Amino acid sequence: MPIIIVLVLLIIATLLFHFLSPWWFTPIASNWTGIDLTIDITFWVTGFVFVGINLFVAYAIYKYRHNKNRRSKYEPENKKLEIWLTSLTAIGVAALLTPGLFVWADFVNVPEDAHEVEVVGQQWQWGYRYPGADGLLGAADASNISAANPFGMDPDDPYGQDDILVSGKDMHLPIDRPVKVLLRSKDVLHDYAVAQFRVKMDMVPGSVSYMWLTPTLEGSYDILCEELCGIGHFVMRGSVVVEDEESYNNWLNSQMTYAELNAQAVGNPQVGQALYAVCAACHGANGEGNEALNAPRLSGLEPWYIKRQINYYKTGVRGGENDVIGMTMSPMAAVLADDAAINNVAAYIETLPESSAPLTVTGDVANGRALYEPTCGVCHSRDGQGIWAVNAPALAGMSDWYLVRQLQNFKSGVRGAHPEDQFGYQMVGMVSALKDDQAINDVVSYINTLR
Amino acid sequence: MTYIPIADQANELHDPHTFISKYVWSQDHKVIAIQYGSVAIFVGLVALFLSALMRLQLGYPDTFSFIDPADYYQFVTMHGMIMVVYLLTALFLGGFGNYLIPLQIGARDMVFPYLNMLSFWFYLLSVIILMASFFVSGGPTGAGWTLYPPQAILRGTPGADMGIVLMLVSLAVFIVAFTMGGLNYVTTVLQARTHGMTMMRLPLSVWGIFVATILGLFAFPALFVSCIMMTFDKLIGTSFFMPAIVSLGENLNTAGGSPVLFQHLFWFFGHPEVYIVALPAFGLVSDVLSCHARKNIFGYRMMVWAIVIIGALSFIVWAHHMYVSGMNPYFGFFFAFTTLIIAVPTAIKVYNWVLTLWEGNIRLTVPMLFAIGFIFTFLHGGLTGIFLGNVTVDLPLSDTYFVVAHFHMVMGVSPVLVLYAALYHWFPKMSGKMFNVTLGKIHFWATFLGTYAIYLPMHYLGFLGVPRRYYAMGNTDFIPDSAQALNANITQAAIFVGVMQLVFIFNVIWSLKYGKKSDPNPWEATSLEWQTPDNPPVHGNWGEKLPVVYRWAYEYSVPGAKDDFIPQSIAPEDVVMEEGAGKYVDRSEEH
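Residues numbered from 1 in each chain as written. Chains lettered and ligands numbered in written order. Predicted model: local features only at pLDDT ≥ 70, side-chain atom pairs only at ≥ 80, totals over all residues. Heavy atoms only, no water.

**Some remarks on the domain arrangement of chain B**
How big an interface is tends to be stated in terms of the accessible area lost upon association of its parts. Residue and element names in this part refer to chain B. Here the domain parsing of chain B yields domain 1 (26-195), domain 2 (198-206 + 222-241 + 257-348), domain 3 (364-518) and domain 4 (520-591). Across the contact, 28 residues belong to domain 1 and 28 residues belong to domain 3. The three residues of domain 1 that bury the most area against domain 3 are Arg55, Phe96 and Tyr99, which together make up 24% of that side's buried surface. Between the two partners, domain 1 and domain 3, sit zero salt bridges. The tally of links between domain 1 and domain 3 comes to 11 residue pairs in polar contact (both at pLDDT 80 or more). For the side of domain 1 that touches domain 3, the elements supplying multiple residues, two or more each, are helix H2 (29-59) and helix H3 (69-105). Per element, the largest residue contribution to the side of domain 1 that touches domain 3 is 12 residues, and it comes from H3. Of the residues that constitute the side of domain 1 that touches domain 3, the class distribution is 20 nonpolar, six polar and two charged. (Domains from an automatic or database assignment. Contact = heavy atoms within 4.5 Å. Buried area = accessible area lost by both parts, 1.4 Å probe. Salt bridge = Lys/Arg side-chain N within 4 Å of Asp/Glu carboxyl O. Polar contact = N/O pair within 3.5 Å; in protein donor to acceptor, adjacent residues only side chain to side chain. Helix = DSSP H or I, 4+ residues; strand = E, 2+ residues; numbered from the N terminus. Nonpolar A, V, L, I, M, F, W, Y, C, P; charged D, E, K, R; others polar.)

**Structural notes on the environment of Thr146 of chain B**
Looking at the element boundaries, Thr146 of chain B is found in the loop between helix H4 (113-132) and helix H5 (163-191). Excluding residues within four positions of it along the chain, Thr146 of chain B makes contact with Phe262, Phe266, Trp267 and Arg469 of chain B.

**Points about helix H8 (residues 300-313) of chain B**
Between its first and last C-alpha atoms H8 of chain B spans 20 Å; for 14 residues at 1.5 Å apiece the expected length is 20 Å, and the two agree. Along H8 of chain B, the residues that are buried comprise Tyr300, Met303, Val304, Ala306, Ile307, Ile310, Gly311 and Leu313 of chain B. (Expected span 1.5 Å × (residues − 1). Buried < 20%, exposed > 50% of the residue type's maximum accessible area, 1.4 Å probe, protein only.)

**Some points on the pattern of salt bridges**
Residue and element names in this part refer to chain A. Going through the model one piece at a time under the given rule, you end up with 15 salt bridges over all chains. Among the ionic pairs, Arg184 bridges to Glu118, the shortest N-O distance being 2.9 Å. Of this pair, Arg184 sits in strand S5 (residues 179-185) while Glu118 sits in strand S1 (residues 115-122), placing them 66 residues apart in sequence. The pair formed by Arg184 and Glu118 is uniform in burial state, with each residue classed as buried. Linked by salt bridges that have partners in common, Glu118, Arg129, Asp163 and Arg184 make up one network.

**Some thoughts on the sheet that holds strand S2 (residues 125-130) of chain A**
Residue and element names in this part refer to chain A. An order of S3-S2-S1-S5-S8 is seen for the five strands of this open sheet, with the pairing classed as mixed. Of all strands in the sheet, those bounded by a partner on one side alone are strand S3 (164-167) and strand S8 (209-213). The sheet shows a mean angle of 25 degrees between the axes of neighbouring strands, direction not considered. Relative to S2, helix H4 (residues 245-253) is tilted by about 100 degrees, and along the sheet it contacts S1, S2 and S3. (Pairing = 2+ DSSP bridges. Axes fitted to C-alpha atoms, helices over the stretch in contact; angles between N-to-C directions.)

**Concerning the nonpolar core**
Ranked by internal contacts, the top residues of the largest apolar core, which has 297 residues, are Tyr192 of chain A together with Tyr86, Tyr123 and Trp353 of chain B. No other element matches the 24 residues that H3 of chain B contributes to this core. Among all residues touching Trp353 of chain B, those that are not within four sequence positions of it are Phe282, Val285, Ser286, Leu289, Ile297, Met303, Phe374, Ile375 and Phe378 of chain B. Listed in part, the 38 residues of the second largest apolar core include Ile310, Leu371, Leu395 and Ala396 of chain A. (Core = buried A, V, L, I, M, F, W, Y, C linked by side-chain atoms within 4.5 Å.)

**Quick notes on a negative patch on the surface**
There is a patch of like negative charges on the surface, built from Asp176, Glu218, Asp244 and Glu246 of chain A. With respect to the secondary-structure elements, Glu218 of chain A resides in the loop between S8 and strand S9 (219-225). (Patch = residues over 30% accessible without salt bridge, like charges linked within 9 Å, V, L, I, M, F, W, Y side chains within 5 Å. Areas by Shrake-Rupley, 256 points an atom, 1.4 Å probe, with all protein chains shown as cover. Lys, Arg positive; Asp, Glu negative; His and termini not counted. Charge placed at Lys NZ, Arg CZ, Asp CG, Glu CD.)

**A short note on the packing of aromatic side chains**
Summed over the entire model, instances satisfying the criterion amount to 77 aromatic pairs over all chains. For the ring pair Trp145 of chain B and Trp267 of chain B, a centre distance of 6.0 Å and an interplane angle of 85 degrees mean the geometry is edge-to-face. Here Trp145 of chain B, found in the loop between H4 and H5, pairs with Trp267 of chain B, found in helix H7 (residues 259-292); they are 122 residues apart in sequence, far enough to count as distant. For Trp267 of chain B, a relative accessible area of 8% translates into the label buried. A centroid spacing of 6.1 Å and a plane angle of 75 degrees characterise the contact between Trp353 of chain B and Phe378 of chain B, whose relative ring orientation is edge-to-face. Here Trp353 of chain B, found in helix H9 (residues 331-357), pairs with Phe378 of chain B, found in helix H10 (residues 366-389); they are 25 residues apart in sequence, far enough to count as distant. Assigned by exposure class, Trp353 of chain B and Phe378 of chain B land together as buried. One residue, Arg65 of chain A, lies across the ring of Tyr62 of chain A, its end atom 4.7 Å from the ring centre. The ring of Tyr210 of chain A carries the charged tip of Lys180 of chain A above its face, separated from the ring centre by 4.7 Å. (Phe/Tyr/Trp six-rings, centres within 6.5 Å; stacked < 30°, edge-to-face > 60°. Lys NZ or Arg CZ within 6 Å of the ring centre and 35° of its normal.)

**A short note on the pairing of strand S6 (residues 190-193) of chain A**
Residue and element names in this part refer to chain A. Side chains His190 and Tyr192 project from S6 onto one buried face, and the interleaved Asp191 and Ala193 project onto a second face that is buried too. Pairing analysis gives four bridges linking S6 to strand S7 (residues 200-203), with the strands arranged antiparallel. Residue Ala193 lies in a different strand from S7, and its bridge partner there is Lys200. Between the antiparallel neighbours S6 and S7 lie six residues, among them Arg198 with a positive phi of about 75 degrees. In this structure, S6 lies alongside S9, joined through two bridges in antiparallel fashion. Along S9, the bridge assignment pairs Tyr192 with Cys225.

**Focus on the interface of chain A and chain B**
Facing the 111 residues of chain A at the interface are 131 residues of chain B. Where chain A meets chain B, there are two salt bridges. Residue Glu77 of chain A is joined to Arg301 of chain B by a salt bridge in which the shortest nitrogen-to-oxygen separation is 2.6 Å. Summed over the shared surface of chain A and chain B, the number is 42 residue pairs in polar contact (both at pLDDT 80 or more). Contributions of two or more residues to the side of chain A that touches chain B are made by helix H1 (2-20), helix H2 (33-63), helix H3 (79-108), S7, S8, S9 and helix H11 (365-380) of chain A. It is H3 of chain A that provides the largest number of residues to the side of chain A that touches chain B, a total of 17 residues.

**Comments concerning the packing of H2 of chain A against H3 of chain A**
A pair of packed helices is characterised by two quantities: the angle between their axes and the separation of those axes. Residues and elements named next belong to chain A. Relative to each other, H2 and H3 sit at 170 degrees, their axes nearing to 10 Å. Taken together, the axis directions place H2 and H3 in an arrangement best described as roughly antiparallel. Side by side, H2 and H3 meet where Gly34, Ile35, Thr38, Ile41, Thr42 and Val45 of the first sit next to Leu96, Pro99, Gly100 and Val103 of the second. Residues belonging to the contact of H2 with H3 are distributed by class as follows: six nonpolar, four polar and no charged. (Parallel < 35°, antiparallel > 145°, perpendicular 65-115°, else oblique.)

**Focus: the side chain of Thr257 of chain A**
Residue and element names in this part refer to chain A. Topologically, Thr257 is positioned in the loop between H4 and helix H5 (258-263). Exposure remark for Thr257: the relative accessible area of 15% places this residue in the buried category. Discounting residues that sit within four places of it in the chain, Thr257 has contacts with Gln161, Asp162, Asp163 and Ile164.

**With respect to the sheet that holds S9 of chain A**
Residues and elements named next belong to chain A. Pairing is mixed in the open sheet, where five strands are placed in the order S4-S10-S9-S6-S7. Every other strand in the sheet has two partners, leaving strand S4 (170-174) and S7 as the edge strands with one partner each. Within the sheet, the average angular offset between the axes of one strand and its neighbour, ignoring direction, is 25 degrees. One ladder, built from five bridges, connects S4 with strand S10 (residues 237-243); its direction is parallel. When the sheet's bridge partners are listed, His172 is paired in S10 with Val241. Strands in contact with H4 are S4 and S10; relative to S4, the strand with the most contacts, it is inclined by about 140 degrees.

**Comments concerning a nonpolar patch on the surface**
All names here are of chain A. A cluster of nonpolar side chains, namely Ile5, Leu9, Ile12, Leu15, Leu16, Phe19, Leu20 and Trp44, defines an oily patch on the protein surface of about 920 Å² accessible area. Residue position: Ile5 is located in helix H1. Using a relative accessible area of 52% as the deciding quantity, one classes Ile5 as exposed.

**What to know about the state of the cysteines**
All names here are of chain A. Within this structure, the stated rule accounts for zero disulfides over all chains. Note on Cys225: no disulfide assigned, nearest cysteine sulfur contributed by Cys229 at a separation of 3.8 Å. The exposure class assigned to Cys225 is buried, which follows from its relative accessible area of 0%. (Disulfide = S-S within 2.5 Å.)

**Quick word on the environment of Gly95 of chain B**
All names here are of chain B. Within the secondary structure layout, Gly95 lies in helix H3. Residue Gly95 is classed as buried on the basis of its relative accessible area of 5%. Separated by 312 residues in the primary sequence, Gly95 and Phe407 place their C-alpha atoms 23 Å from one another. Beyond its immediate sequence surroundings of up to four residues, Gly95 is in contact with Ala33, Tyr36, Gly37 and Ala90.

Below you can see the structure in the form of structure tokens.
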């Protein structure tokens, strides 16, 4: 008889778990309250059926438990009962489906006054494109993509010149204005999902999918990729800031258009050389690095990486209060007055002869390789040369003690946790593959062989 | 030449003479069934082990240095594909289909025994190819069991070199094996039934297996062509599923293909696949419930038609797996409508199982416990299916742990409980020995309660919005730390359930060696397989004369009859009645 008691207990436990669970939908931040209502209706109907049928089963097992002196009823079928049950079920199913279809009809019909925003996915980062003053997005295609044109803009389309291009994890939306989100992917399937918005949609390379919503609650919400997109799927994060119209416009106006990005001056190494003198004090005249001064090697690092890091030091994204060693870099970065200066220094560093830093870290190279190749090597490339398209810098030849320290910093939250760090959060996620210091040493000792 | 029905033909029975032809290159459906079953259970244990590794990472994300993200995605992928195709499909159809069809319809063997043998060996080959992918450079594919391109064949995914190719080849070989077996099952049911065995007297097990096999014969070709096309995309540079792509900074020079096309093909197979697993389970559990409740299955004809209708509808619901795939969203109306229609015949089946218990005389044997457990888990999994089938509700829940919890309840736990019910139910017939009842009950309680402890909470992670297929959740603005604690609890339950499956393996091995000799019909069942002259049945099944069938397979507790069961093969005049009860009348086919 334990089965009867257990069935009843399971029903009670399920109901208790349901009503006491702290794990529940996030507070909604969009217009899709109809979805939540449909879920509520579904819960009530299915909950009633779940409890009813299981109680009936428990009662039947109790009442008709085996008894040698009794016989089952012989009843091959009961048409009347079967017709009743079928009809009731059909009505119940219709009651569940109908409200859902009304909400869906809203979802597929985008309001005419919705403004458009494009989200571009790639392994494993987000990018965003806003129409400029003309209110129209220019043509774009994966076949146009290059290091200078990561969005694949059509250079000849006049409508695209004023498009605002945002590389990095954050997007902004104005509150209470319906938005049609156009979804595009450069490589594989991704899925744009914000739990607080309730709606999500896959991004499919080769076509543009869409969804729409009206943000209704100010705040910053995580964007997660929810379609498996390869090894870095779980670190493909972004965030969407919902704010009032004025803040939104301020933010939008501070971003660069396609034409402005194209017009950006190329760095001048001659000018950069003079500025580099201050760097040379610690990093060495040839950017070879100096462990005693905690200065890593700079030669061999790509200009886009150097520029981003100097900016981070200038704005406090790196070198914050937890980062005792990084702090010393902040005043140095402040010496470079503007973007042009940073550009020039980065251009000069690119001209430095590439030397390999001394070897100081030892570990299990074979284990390091097993860790590196399927994980780190996907973005930083198998031979450690880095890949511009995923914003992953070169590792080969880098000061190994510095790599160890940075991996530890990502792990402890010293680096990558700042909300403005556009790609560091990915490293915070990926270093979870390195469970201890030994694993970090192993991986770095393997990177040491890639030179 | 006059036509002689297959049942009457003096069969050449390819009698085995040597050990090898009896147990290795065997053409006997019973031996092939056990070969299929053993290999399926073996790979199932491999997949179970992989799920334990996955759960270790999810429950304790900072602990196990031997699980990196690539490993994790490979475990997820191989676990899913093995469980769905190589365990469930193979065990229900290759295992139980092979064992039960000839015995339950009164045939001496399958109509194409040689093809049947080839079917098993191709299946074994597909398993070997699949297992080989663990040992190639780069390891097995980590593309997720759905193998969605372009990701599956690009370098950002683990196993995109050799692993994915071996997976696709293995699936193709599996489908060849399935087709050889499947044509056999269908032909045998249609052509080799014994005298008196009309279609509407078939046990529901046969009906479930029969319709599932037809589904498979229509559905697997869609998977077959998509495997071939993806292999071409991978190896010879075609662009069936590849649009213009820049992958990790490299322009691949592909163009014009459609990733969504693959999804349509995959789910055109994938949704019927759910019923390829579920329909045999429906059939088997019906027979177990009826026998141990000592009562006819309630509404037999309705049950048959429900199987047929569910099977037919399963071909027009596939895109409910793709509501947020980026396909034209207007499809949502059609597929939500067809999907929820399936709920009606499915609900009828549940009602009829429950009504079979009502006014029965229920023996709580081990197989019966598993069957009752199935009603509970299937009801739960079916109801959560209504959430996901309803396109609007799917929007927030798609790609979250709610989906994982739902399909594990409905097509993981539920069919597995039926498999156990069936294995315990037919073990005495297959082996001639009784299993150990105490161990069977321990196994039931651990599995039934343990799996519910895994999957009930998992639904709530989905409500919260925790995405599936994440190696580590890291920091988010909406997932509280308590979710991680819950994940650890789920892992503990999963490890417990996994370990407790060894009780079953031990029970089988122990009982084969030391189990009590079983009565030929220990459950006092009516269907033909329990009436064989030998126990376990020998080659040819029926001795000199084929059985003759006089009635349906559910003649339990007939008023006035002396026993509470009347086998299908007892002639009406031989039915022993109680004194004063008058003559036996078959009322089962009065409608």
